[in-house]
Structure formats: structure tokens, C-alpha cells
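Listed below are the residues making up each chain.
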Amino acid sequence: MKLSTRNQLEGSVVSITRGEAMAVVRVRLTGGDVVTSSVTADAVNDLGLAEGKPVTVLIKSTEVALGVD
């Protein structure tokens, strides 16, 4: 599958915290960093996500904001 999203990071699922409608998926990237994604519970099932499963993290955003005190 070809995607227009340019920011594609390889990793594997570290943990999945399921809620009724949403799930939080933590992914350890190849370099060791961990990113977190909120997806629907249906998406977890549809994608067959499980701990240890290899995934590609796709990041498409027009803005990334940071704040500090």
C-alpha cells in the first residue's frame, strides 16, 4: 500500500490500554523512543493489534505544539 503520509516510523506495540470506545496504544520505535496513540477500540480489533506486533506509526499533522511553565 502506498500512502501520502511522509512521516512513517517503524516500531512494535508495547502495550494496549482498552476503554469502552477508545484504546491507548504505546509503540516502541526502532530507535527506542516510545510514542502513544489513541485509537478506537474497533481499530485495535480490526488491525489485530497486540503486544509485540510490528506496526508503522503514521504521523500527519499541520501543527505540533509544546508548552512549558
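Residues numbered from 1 in each chain as written. Predicted model: local features only at pLDDT ≥ 70, side-chain atom pairs only at ≥ 80, totals over all residues. Heavy atoms only, no water.

**Overview of the UniProt feature "domain: Mop" (unreviewed entry) in the protein chain**
Feature annotation in UniProt places "domain: Mop" (unreviewed entry) on residues 2–68, given in this structure's numbering. Annotated as residues 2–68, this span is 10% helix and 49% strand, and its ends, taken at the C-alpha atoms, are 37 Å apart. (UniProt positions renumbered as here; feature names shortened; annotations may be inferred. Helix = DSSP H or I, 4+ residues; strand = E, 2+ residues; numbered from the N terminus.)

**Some remarks on the pairing of strand β2 (residues 22–29)**
Side chains Ala23, Val25, Val27 and Leu29 project from β2 onto a buried face, and the interleaved Met22, Val24, Arg26 and Arg28 project onto a face without burial. Of the pairings in the sheet, the one linking strand β1 (residues 7–18) to β2 comprises seven bridges and is antiparallel in character. Residue pairing in the sheet places valine 13 in a bridge with valine 27 of β2. Turn length for the β2-strand β3 (residues 34–40) hairpin, with the two strands adjacent in sequence and antiparallel, is four residues, and the turn residue glycine 32 shows positive phi of about 105°. (Buried < 20%, exposed > 50% of the residue type's maximum accessible area, 1.4 Å probe, protein only. Pairing = 2+ DSSP bridges.)

**Looking at the nonpolar core**
Among the nonpolar cores identified, the biggest contains nine residues, and these are Val13, Ala23, Val25, Val27, Leu29, Val44, Leu49, Val55 and Val57. Here the element with the most residues in this core is β2; it accounts for four residues. Among all residues touching valine 57, those that are not within four sequence positions of it are Asn7, Gln8, Leu9, Val27, Leu29 and Val35. (Core = buried A, V, L, I, M, F, W, Y, C linked by side-chain atoms within 4.5 Å. Contact = heavy atoms within 4.5 Å.)

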